[in-house]
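An overview of the molecular structure
Below, each chain spelled out in residue letters.
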Amino acid sequence: MIFKDFWRENDRFASLFNTVVFGGKEIIKPEELSELDTDVSNVVELGEYKETLTRARDIVKRAAYGVDFVIMGIENQTRVHYGMPLRVMLYDSLGYLKECREIARQHRKDGDRATPEEFLSGLHKEDRLHPIISIVIYYSEKPWDGPKSLKDLVVEMPEEISRVFSDYRMNLLQVGESERYHFDNEDVQDVFETARLIYKGEFDQVKEMFGDRTVKSDVGAMIGVMTDSDLIVERAYESKGGMNMCTALEKLEERGREEGRAEGRAEGRAEGKREMIFAFLKAGAEIRVIKEASGLSEEEIEKLRKEMK
C-alpha cells in the first residue's frame, strides 16, 4: 500500500515514465493523467476452452496524448520474479482484451451494423486499441538476475526460429542501478537516491544530502519500505508536517549499534558455554552432568568432543 499510495500522485507518476521510458522528454503531463480501474480480470475463450483469469495491477493511469490516450501501469517487485516478462505480457494482453470487449459491447448497445468479418471479433474495421506501457520497479539492493524479456524465458533457439520469434520485452527499473536517471520530481529523486545510498551503508552522504531539510511523510515511508527499515517507516508515520531524515538515520544507526552489542553479548555467552563444556570433558565428567549444566543434547556434546580432539 505504501508503494501504491506513493505512485498515485500524478507528478511522481509522470516523472517516472518521462524519465525511464521517454528519455527525459515531457511526453506525459501530470494534469492529463487520470486513474483507471486496476482490475484486468477477464474470461479467455478459445473454441471450447474457457478460463477465467483474475488479475489486478498495482497502479494504472490513462494519459491524454493528442486526441487519443495511452494507458500506463506500474508493477512493484521487492523480490525477483522469474516469470515476470510473462506476467507483464499477460497483464498487458488482458488490458487489450478488456478494451476490445468494451468496444464490442458499445457497438451492440448502439445497434451498429456489422459485416460478417466484423461480427467475428466484435471490432469494426476502423476500431483501434490504445497502447499499454508497463514499468516493473524492482526495490532491492540485489541485482535482478531473472529474465527481462520473453526470449529470456524460452529455450535456446536456432537462428532461423529466433529471427521470426515474437519477443516481449519488459521495462525494468532497478532501484540499485538507477543512478543514471535524474528525475525532475524531487520526491522521486529523493527516494531512489536515498535508497541507493542506504543500500551501500553511506549514511553520512544521506545526512549531507538532506541536512536540516524535512521530507513528506509518504516519502519517508517509501524510503523505509524500500530499504526494509521498520524504524524509518514508523518515524515517517509518527511525523505530521514532515520527517527529518538525518534524525531517522541516527536512530537507525543507534539501533544497529544496540543490535550489534546484543549480538556480541550473545556470542560471548555462547563462547563461554563452549569453554565450560570443554573443561567438563577434559575433567572426564559424565555426559549426564554436562547435559544438566549446559542444556545441550548428547549429540551436541559429542560434536564438541570431536572438535576438542
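In short, a report on the structure.

About the criteria used
- Residues numbered from 1 in each chain as written.
- Predicted model: local features only at pLDDT ≥ 70, side-chain atom pairs only at ≥ 80, totals over all residues.
- Heavy atoms only, no water.
- Salt bridge = Lys/Arg side-chain N within 4 Å of Asp/Glu carboxyl O.
- Helix = DSSP H or I, 4+ residues; strand = E, 2+ residues; numbered from the N terminus.
- Buried < 20%, exposed > 50% of the residue type's maximum accessible area, 1.4 Å probe, protein only.
- Pairing = 2+ DSSP bridges.
- Axes fitted to C-alpha atoms, helices over the stretch in contact; angles between N-to-C directions.
- Contact = heavy atoms within 4.5 Å.
- Polar contact = N/O pair within 3.5 Å; in protein donor to acceptor, adjacent residues only side chain to side chain.
- Expected span 1.5 Å × (residues − 1).
- Phe/Tyr/Trp six-rings, centres within 6.5 Å; stacked < 30°, edge-to-face > 60°.
- Lys NZ or Arg CZ within 6 Å of the ring centre and 35° of its normal.

This part covers the pattern of salt bridges. When charged atoms on two side chains of opposite charge get close, those side chains can pair. Evaluated as defined, the whole model comprises eleven salt bridges. Across the pair Asp187 and Arg12 runs a salt bridge, and its minimum N-O distance is 3.0 Å. Here Arg12 lies in helix α2 (residues 10-20) and Asp187 lies in helix α7 (residues 186-199), a separation of 175 residues in the sequence. Taking the relative accessible area as the measure of exposure, Asp187 reaches 9% and is therefore buried. On the accessibility criterion, Arg12 (0% relative accessible area) is buried. Asp187 is the partner of Lys216 in a salt bridge, and the nearest nitrogen-oxygen pair spans 2.9 Å. Taken together, the residues span a long stretch of sequence, with Lys216 in the loop between β8 (214-215) and α9 (217-226) and Asp187 in helix α7 at a distance of 29 residues. Classification of Lys216 by relative accessible area gives partly exposed; the value is 44%. One salt-bridge network, held together by shared partners, links Glu9, Arg12, Asp187, Lys216 and Asp218.

By the criterion of burial, strand β5 (residues 68-77) is predominantly enclosed, with eight of the ten residues buried. Note: strand β4 (residues 59-65) against β5, seven bridges, orientation antiparallel. The residue of β5 that forms the bridge with Val60 is Gly73. Across seven bridges, the pairing between β5 and strand β6 (residues 132-138) is parallel. Paired with Glu75 across the strands is Val136, a residue of β6.

Before going further, it helps to spend a moment on the sheet that holds β6. The sheet built from five strands is open, its strands ordered β1-β4-β5-β6-β7 with mixed pairing. Edge strands, defined here as strands with exactly one partner in the open sheet, are β1 (33-35) and β7 (171-174). The sheet shows a mean angle of 25° between the axes of neighbouring strands, taken without regard to direction. Contacting β1, β4, β5, β6 and β7, α2 crosses the sheet at an angle of about 90° to β5. Relative to the sheet, helix α3 (residues 84-110) contacts β5 and β6, its axis offset from that of β6 by approximately 150°.

Below, the discussion takes up the side chain of Arg57. As for its position among the elements, Arg57 is in the loop between β3 (49-53) and β4. On the basis of relative accessible area, Arg57 is assigned to the buried category, the value being 4%. One polar contact links Arg57 to Glu75, side chain to side chain, over a distance of 2.8 Å. Within the local environment of Arg57, its side chain forms a polar contact with the side chain of Ser134, the two groups lying 2.7 Å apart.

So, on to unusual backbone geometry. Non-glycine residue Asp228 carries a positive phi angle of around 60°. Take Asp228: it is sitting in the loop between α9 and α10 (230-238). Look at Asp228 and you get exposed, because its relative accessible area is 69%.

A separate point is α3. In this model, α3 (27 residues) spans 39 Å end to end at C-alpha, consistent with the 39 Å of a helix rising 1.5 Å per residue. What α3 keeps buried is the set Met84, Pro85, Val88, Tyr91, Asp92, Leu94, Gly95, Glu99, Cys100, Ile103, Ala104 and His107. Just beyond α3, the residue with positive phi is Gly111, at close to 70°.

With that settled, consider the environment of Arg169. With respect to the helices, strands and loops of the structure, Arg169 is situated in the loop between α6 (159-164) and β7. Residues Arg169 and Pro147 lie 22 residues apart in sequence; the distance between their C-alpha atoms is 9.4 Å.

The next subject is the environment of Arg87. Of note, Arg87 is situated in helix α3. Taking the C-alpha atoms as reference points, Arg87 and Met170, separated by 83 residues in sequence, lie 9.8 Å from one another. With near-sequence residues (within four places) excluded, Arg87 lies in contact with Glu75, Gln77 and His81.

As a further point, take the packing of aromatic side chains. Under the counting rule described, the total for this entry stands at seven aromatic pairs. Centre to centre, the rings of Phe183 and Phe192 are 5.1 Å apart; their planes meet at 20°, and the pair counts as stacked. The class of Phe183 is buried, set by a relative accessible area of 2%. Take Phe192: its relative accessible area is 1%, and that puts it in the buried class. Pairwise contacts between aromatic rings join Phe6, Trp7, Tyr181, Phe183 and Phe192 into one cluster. Looking at Lys61, its charged tip hangs above the ring of Phe13, at a distance of 5.7 Å from the centre. A cation over an aromatic ring shows up here: Arg62 above the ring of Phe69, its NZ or CZ 4.6 Å from the ring centre.

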